[in-house]
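Each chain, written out:
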Amino acid sequence: MYDRLKGFRDFYPREMTARRQVIDTLEATAARYGFREVGTPTLEQTQMYIDKSGEDIEEELYAFRDDGGRDVTLIPELTPTVARMVVDQQQALSKPIKWVSTRPFWRYEQVQQGRFREFYQTNVDIFGTADPIADAEILAFAADALTELGLTASDFEFRVSHRDILTGLLESLTGDDANVHTRAAIRAVDKRAKIEQAEYHGLLTDAGLSYDQAQSFDDLLRRADLDEIAAVGNDTVTSAIQNLQSVLAAVDDLGVREFCDISLTTARGLDYYTGVVFECFDATGEVSRSVFGGGRYDDLIENFGGQPTPAVGVAPGLAPLSLLCQRAGVWPAEELMTDYYILTVGETRSVATRIARELRVSENTVEIDIADRSFGAQMSYADSINAETVVIVGERDLENDEVTIKDMNSGDQTTVPVDAFPGDLDAPTYEDVAWLIICSDYIIYQDKINIIQDNDFQLPTAYITVRLRCRFRCVHFDLRTMDARSLDFSGNRQYQPLRIRYLMHLIRLIYLIVTLIRNHQDTRQRAGRMPVSQHLDRQSDLNAHHGVPPGHWIVNFLQVSEHGQALMFDLSFMLLTMLSSGHTPIICTDQNLTWADSTLLQRHSPVNMISTTSRLMMTARRVSCQ
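About the criteria used
Sequence order sets the numbering: in each chain, residues are counted from 1 along the sequence as written. Predicted model: local features are reported for residues with pLDDT of at least 70 only, side-chain atom pairs are reported and counted for 80 or more only, and whole-chain, interface and lining totals are derived from all residues. Each side-chain value is worked out from all heavy atoms of the structure, with water and hydrogens disregarded. Runs of H or I in DSSP of at least four residues are treated as helices and runs of E of at least two as strands, each being numbered from the N terminus. Only protein chains enter the accessibility calculation, which uses a 1.4 Å probe; a residue whose area is less than 20% of its type maximum is buried, one above 50% is exposed, and one in between is partly exposed. The contact criterion used is simple: two residues touch if any of their non-hydrogen atoms lie within 4.5 Å. Exposure was quantified through the Shrake-Rupley algorithm and a 1.4 Å probe, taking into account, for residues, occlusion by the shown protein chains and nothing else. When DSSP locates at least two bridges between a pair of strands, those strands are taken to pair. The axes used here are C-alpha line fits, helices contributing only the stretch in contact, and every angle between their N-to-C directions lies in the interval 0 to 180 degrees. Helix crossings are classified by the rotation of the near helix relative to the far one: an anticlockwise turn of less than a right angle makes the crossing left-handed, while a clockwise turn makes it right-handed. Each residue is assigned to one of three groups, with Ala, Val, Leu, Ile, Met, Phe, Trp, Tyr, Cys and Pro labelled nonpolar, Asp, Glu, Lys and Arg labelled charged, and all others, Gly among them, labelled polar. Each nonpolar core is a collection of buried residues, namely Ala, Val, Leu, Ile, Met, Phe, Trp, Tyr and Cys, held together in the definition by side-chain atoms within 4.5 Å. Cysteine sulfur atoms are paired as a disulfide whenever they come within 2.5 Å of each other. Nitrogen and oxygen atoms within 3.5 Å of one another constitute a polar contact, given that in protein one can donate a hydrogen and the other can accept it, and given that sequence-neighbouring residues count only through two side-chain atoms. What makes a patch is a set of residues exposed beyond 30% relative accessible area and free of salt bridges, joined within 9 Å when like-charged and within 5 Å when nonpolar (Val, Leu, Ile, Met, Phe, Trp, Tyr). The rule for a salt bridge is simple: a side-chain nitrogen of Lys or Arg has to be within 4 Å of a carboxyl oxygen of Asp or Glu. By the counting rule applied here, Lys and Arg register as positive and Asp and Glu as negative, while His and the ends of each chain are not counted. Note that the charge is assigned to NZ on lysines, CZ on arginines, CG on aspartates and CD on glutamates.

**Quick look at the overall build of the protein**
- A tally of regular secondary structure across the protein gives 20 helices and 28 strands.
- Counting the 626 residues in the protein, one finds 49% classified as buried.
- Of the contacts formed within the protein by residues at least 6 apart in sequence, a portion of 66% connects residues at least 24 apart.
- Summed over all atoms, the accessible surface of the protein reaches about 30,500 Å², with 47% contributed by carbon and sulfur.

The following block contains the structure:
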């Protein structure tokens, strides 16, 4: 039995599902800003980090001497590596250079909240421009990435500062005293929020400031009054304030100013930062540490042997970012996601694998039984991997040339012809089958209409039904009870109610009923029989009133009652919501129309008609509503 090393973590599939979503969001946001992905090595020369950060860095490195006698280390951060890469091909690379990379890093340090010895970051860097818009774009990327994850301005804030303001203030307050160690003083500022006030002042005095100088320095930083600081600062401070204000103006132009606050006590401890720096914090304070940070490092490329090249970047880390997202309740669900599980019963592998292949071509996540398990074991496994749809391929179903489609959330299931699944849809589900979205043709069928008197208006009774036929099965709706039952092709009713699964379906049916009532009321206001042609002429006004877009399939139901009153039922909206492009609807009525009526319809109706002895069938064609 071996234990996992301290500071290193395992991520099982459910955890990786959430992490992958976060990484994809960060990288997709970077891609929208034009950042290009790069790959970097795991090992670098140890001396590169010593030259950048000093001898003390060796204590934090996973460094060793390899068999070739080279001193190497697992990389603790990416900035020196990408700087080396820029130097290697500086002349060939087009400027500005915009790179992104997500990978693990290693640093031997104390394990604590959001900090591990192996950690993952997404590094986003711009090389080759000192324009304030580059700094602003880094901040905008970071803000957009966080909002894409579901965070808001009440969840996080960017505390923005400028290293030259700190440097210039120290020079102004100490009179360029050679005994003042500027870098040590800035490191003390970086630790300000993490240590006691007395210890902080002690670090400033250790850096060469007197007690009064340290007090004045801290007071100016804490108030962050740029006008006051400009009044006591030197030219370095004035220039830095102007640059900071230009960056914030560009941030405003990019639409993310609401996330940024000036905070001159934000310093970033790494020595290579030169200009604007910032850190992201939990706005509520519940996550006490910095979530991530970034800033400008204009001297690093030159220090690595390249030509002077300004640079700016940011590096969100997954561990502290997960703390913020979890606190805000937007961390993705740690659960598996499977589109289909193909369950096999008996010798059905050839059919099952054919279905699996076709579904995978459409980029669905599909699993199939590979362990020869029982029906119950396969269903349990499908549930454990959170399969949305189970396709049951059994010997008995195949005898009828069918497979069973089961919705795992509701438990509803139905059978479909095996040759028709998955059909033309990329990801057909139970709802697609049950609601006949992939029908080859449709029939709207009017059984009969009985009119009852109810105070001031006439209302069709429960006998009004709509039957939809397709290559799978029929669905029979009762508009009074909102009951829906499936029918097989022979027309026999199967007494297993289907649920109306979506609110939109219910809304559309209610719209139909309201339309029926309205048209009945309109009819009662007319004396005698209204000519059919007037109804047809009126239809263009109805379509325009309901906002039906031009060029859609428009079908109207015309009912002529035995009392000589014409009733028009506008079914356009219902059909438009159900029809897919290229499918031809057919409308039927059991009521008899006279030959004169049918002739009049043929002359004025925007539909093609077929007349029979007992009913009039109108086949819709594509029409345009002006």
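**A look at the pairing of strand S4 (residues 71–74)**
- For strand S2 (residues 43–45) and S4, the ladder comprises three bridges, and the chain directions are antiparallel. The residue of S4 that forms the bridge with glutamine 45 is valine 72.
- The sheet contact formed by strand S3 (residues 62–65) and S4 spans four bridges and is antiparallel. Each residue of the ladder has a partner; that of tyrosine 62, found in S4, is leucine 74.
- Connecting the antiparallel pair S3 and S4 is a turn made up of five residues, with glycine 69 showing a positive phi of about 80°.

**A short note on the packing of helix H7 (residues 197–206) against helix H8 (residues 211–223)**
- At a minimum axis separation of 9 Å, H7 and H8 run at an interaxial angle of 115°. In the crossing of H7 with H8, the sense of the turn from one axis to the other is right-handed. Here Gln197, Tyr200, His201, Leu204 and Thr205 of H7 come into contact with H8, specifically with Tyr211, Ala214, Gln215, Phe217 and Asp218.
- The class makeup of the residues in the contact of H7 with H8 is five nonpolar, four polar and one charged.

**Description of helix H6 (residues 182–190)**
- For H6, the full list of buried residues reads Ala185, Ile186, Ala188, Val189 and Asp190.
- Lining the buried residues of H6 we find helix H5 (163–174), H7, H8 and strand S9 (276–282).

**Comments concerning the nonpolar core**
- Within the largest apolar cluster, 69 residues are counted, with the highest numbers of intra-cluster contacts made by Leu146, Phe158 and Phe292.
- Top element by residues in this core is helix H4 (residues 132–148). It accounts for 10 residues.
- Non-local contacts of phenylalanine 158, meaning those with residues more than four positions away in its chain, are made with Leu139, Ala142, Ala143, Leu146, Phe259, Cys260, Asp261, Phe278, Glu279, Cys280 and Phe292.
- By size, the runner-up hydrophobic cluster in this structure holds 26 residues, among which are Tyr49, Met85, Val86 and Trp99.

**Side note on the state of the cysteines**
- Taken as a whole and judged by the stated rule, the model has zero disulfides.
- Unpaired in this structure, cysteine 325 has its nearest cysteine sulfur neighbour in cysteine 280, at a distance of 9.5 Å.
- Cysteine 325 sits in the buried class, given a relative accessible area of 1%.

**Details of the side chain of threonine 40**
- Looking at where threonine 40 falls in the secondary structure, it is placed in the loop between strand S1 (36–37) and S2.
- Separated by 2.9 Å, the side chains of threonine 40 and arginine 103 make a polar contact.

**Describing a negative patch on the surface**
- On the surface, a cluster of negative charge is made up of Asp51, Glu55, Asp56, Glu58 and Glu59.
- As for its placement among the helices and strands, aspartate 56 is situated in the loop between helix H2 (46–53) and S3.

**Notes on the side chain of glutamate 109**
- Here glutamate 109 lies in the loop between strand S5 (97–106) and strand S6 (118–127).
- When residues no more than four places from it in sequence are discounted, the contact partners of glutamate 109 are Arg115, Phe116 and Arg117.

**Some thoughts on the pairing of S5**
- Most of S5 sits out of view: nine of its 10 residues are buried.
- Inspection of the sheet shows S1 paired to S5 by two bridges, in the parallel sense. Counted as the bridge partner of arginine 36 is tryptophan 99 from S5.
- The sheet contact formed by S5 and S6 spans 10 bridges and is antiparallel. Looking across to S6, one finds that threonine 102 is bridged to threonine 122.

**Here's the deal with the environment of leucine 300**
- Mapping leucine 300 onto the fold places it in helix H11 (residues 300–303).
- Note on leucine 300: relative accessible area 3%, which makes it buried.
- Distance from leucine 300 to threonine 79, taken between C-alpha atoms, is 9.0 Å for residues 221 residues apart in sequence.
- Beyond its immediate sequence surroundings of up to four residues, leucine 300 is in contact with Lys52, Thr79, Ala83 and Tyr272.

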